[in-house]
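Chain by chain, the residues run as shown.
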Amino acid sequence: MGVNVSVVAVDAGNSKTDVALIGEDGTVLATGRGGGFQPPYVGVEAALDVLAAALEEAVAALPGPVGSVGHVSACLANADLPVEEAELAEALEARGWGASVEVRNDTFAILRAGVDEPRGVAVVCGAGINCVGMVPDGRTARFPAIGRISGDWGGGGGLSEEALWFAARAEDGRGEPTELVRTLPGHFGLDSMYALIEALHRGTIPPARRHELTPVLFATGAAGDPVAAALVERLAEEVVAMASVALTRLGLLEEEAPVLLGGSVLAARHPQLNDRISELLAVRAPKAVVRVVSEPPVLGAALLGLDRTGAAPEVHRRLREQYA
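Conventions we followed
Residues numbered from 1 in each chain as written. Predicted model: local features only at pLDDT ≥ 70, side-chain atom pairs only at ≥ 80, totals over all residues. Heavy atoms only, no water. Axes fitted to C-alpha atoms, helices over the stretch in contact; angles between N-to-C directions. Helix = DSSP H or I, 4+ residues; strand = E, 2+ residues; numbered from the N terminus. Parallel < 35°, antiparallel > 145°, perpendicular 65-115°, else oblique. Left-handed = near helix turned anticlockwise from the far one by under 90°. Contact = heavy atoms within 4.5 Å. Nonpolar A, V, L, I, M, F, W, Y, C, P; charged D, E, K, R; others polar. Buried < 20%, exposed > 50% of the residue type's maximum accessible area, 1.4 Å probe, protein only. Pairing = 2+ DSSP bridges. 1 Å grid on protein atoms, 1.4 Å probe; cavity = no way out; pocket = protein on both sides within 12 Å on 5 of 7 lines; lining within 4 Å. Points joined across faces, edges and corners; volume = space filled by probe spheres on them.

Undergrad: Is there a simple way to think about the packing of helix α5 (residues 155-172) against helix α7 (residues 193-202) in this case?
TA: When two helices pack together, their arrangement is given by the angle between the helix axes and by the axis-to-axis distance. At a minimum axis separation of 9 Å, α5 and α7 run at an interaxial angle of 135°. Comparing their axes, α7 and α5 come out oblique. The way α5 lies across α7 gives a crossing that is left-handed. Contact residues: Leu164, Ala167, Ala168 and Glu171 in α5; Met193, Tyr194, Leu196, Ile197 and Leu200 in α7. Of the residues belonging to the contact of α5 with α7, the class tally is eight nonpolar, no polar and one charged.

Shown next as structure tokens:
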């Protein structure tokens, strides 16, 4: 007799994929891990092959052969629009991994991981920035979150670009003075912004290392540099704007509701950013309860799956206890 899997939970980000196989009683039967999910760069089928490898690892770890498989709950990076979620759900259904499939943007996994019921708002600031909200009746709030064309500002990548822009103009005289002129190139052992610009342009410093400049920006702002501090302030304002709009859309602005912060930038808990977010939200949404999410997103994907299957509260509770 095979092992019955109630939910296949998938949390797939740009850099890694986590899969958890959940039993009918909420037990985590097995887990697997794979690479990043990037359909815009490798195509949908190649991206799904990455998920398949993580799923195969999890299946291999089961205590016996697979019996029935119920629902696939997949929270995926790069599923930024409902039409993209629908396309990816169709592609997953064709793989035949479960009796039913639901695809959501991966930000929903972070939100659901941090709340006891599907109710609240999450703002994620990692390489980019995104915000989603949900309430138990199924309504959601979200933004396209695909860059400047959808009105986004912020994220680690955006902050590093802004810091470079201000520092370059400060060095050549087009902009106001800032210590970023010294701290940004100094991080790479260089003595000028010109040298840093040349190294980035010619690839001596790989583009992927630009994200290292975001902590430098925070440190420079904390040391009193007004230009760097202003960028941190603007990010706090962006986070609060997204959260308050999502709360308003869901009718949660006037009642106590969680606002969860996730992603590498917010999880770093920079006081000048996170404390300022709390201060600004206290004005825009006085009843919001702010906290940083520490639970793994794959838990959120699994809980969303249990929500979909109508699992009992004790099943949800048992699952959450295993990730405590």
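Undergrad: Please clarify how unusual backbone geometry should be interpreted in this entry.
TA: The phi angle of most residues is negative, glycine excepted, and most peptide bonds adopt the trans form. At Asn78, a residue that is not glycine, the phi angle is positive and equals roughly 70°. As for its position among the elements, Asn78 is in the loop between β4 (66-76) and α3 (82-95). Positive phi outside glycine occurs at Ala145, with the angle close to 55°. Along the chain, the position of Ala145 falls in the loop between β8 (140-142) and α5. Residue Ala145 is classed as buried on the basis of its relative accessible area of 14%.

Undergrad: Is there a simple way to think about helix α6 (residues 180-187) in this case?
TA: Two residues of an α-helix separated by three or four positions point the same way, owing to the 3.6 residues in each turn. Considered for burial, the residues of α6 that qualify are Leu180, Thr183, Leu184 and Pro185. Buried residues in α6 make contact with α5, α7, α8 (213-222) and α9 (226-249). The first or second residue beyond α6 is Gly189, which carries a positive phi of 75°.

Undergrad: Could you clarify how one ought to interpret the sheet that holds β4 in this entry?
TA: The strands making up a sheet are joined through hydrogen bonds of the backbone, oriented either antiparallel or parallel. On the basis of which strands lie adjacent, the open sheet formed by five strands has the order β3-β2-β1-β4-β5 and mixed pairing. Two strands bound the open sheet, and with one partner strand each, they are β3 (28-34) and β5 (100-105). The average angle at which neighbouring strand axes cross in this sheet is 20°, direction not considered. Two strands pair when backbone bridges link them, and strand β1 (residues 3-12) and strand β2 (residues 17-22) are joined in this way by six bridges, in the antiparallel orientation. Pairing of Ala12 across the sheet is with Thr17, part of β2.

Undergrad: When you look at the sheet that holds strand β9 (residues 257-262) in this model, what are you seeing that I'm missing?
TA: Spatially, β8-β7-β6-β9-β10 is the arrangement adopted by the five strands of the open sheet, whose pairing is mixed. Strands with a single pairing partner mark the edges of an open sheet, and in this sheet they are β8 and β10 (288-292). This sheet shows a mean twist of 15° between the axes of neighbouring strands, independent of strand direction. For strand β6 (residues 120-125) and β9, the ladder comprises four bridges, and the chain directions are parallel. Counted as the bridge partner of Val124 is Gly262 from β9.

Undergrad: How should I be thinking about the layout of surface pockets in this particular structure?
TA: In this approach a probe as big as a water molecule rolls over the atoms, and the regions it shows empty are the leftover space. The calculated volume of the largest pocket comes to roughly 1,600 Å³. Those elements that place two or more of their residues in the lining of the largest pocket are α1 (39-42), α4 (107-113), β7 (129-134), α5, α8 and α10 (264-267). In terms of residue count, α5 provides more of the lining of the largest pocket than any other element does, six residues in total.

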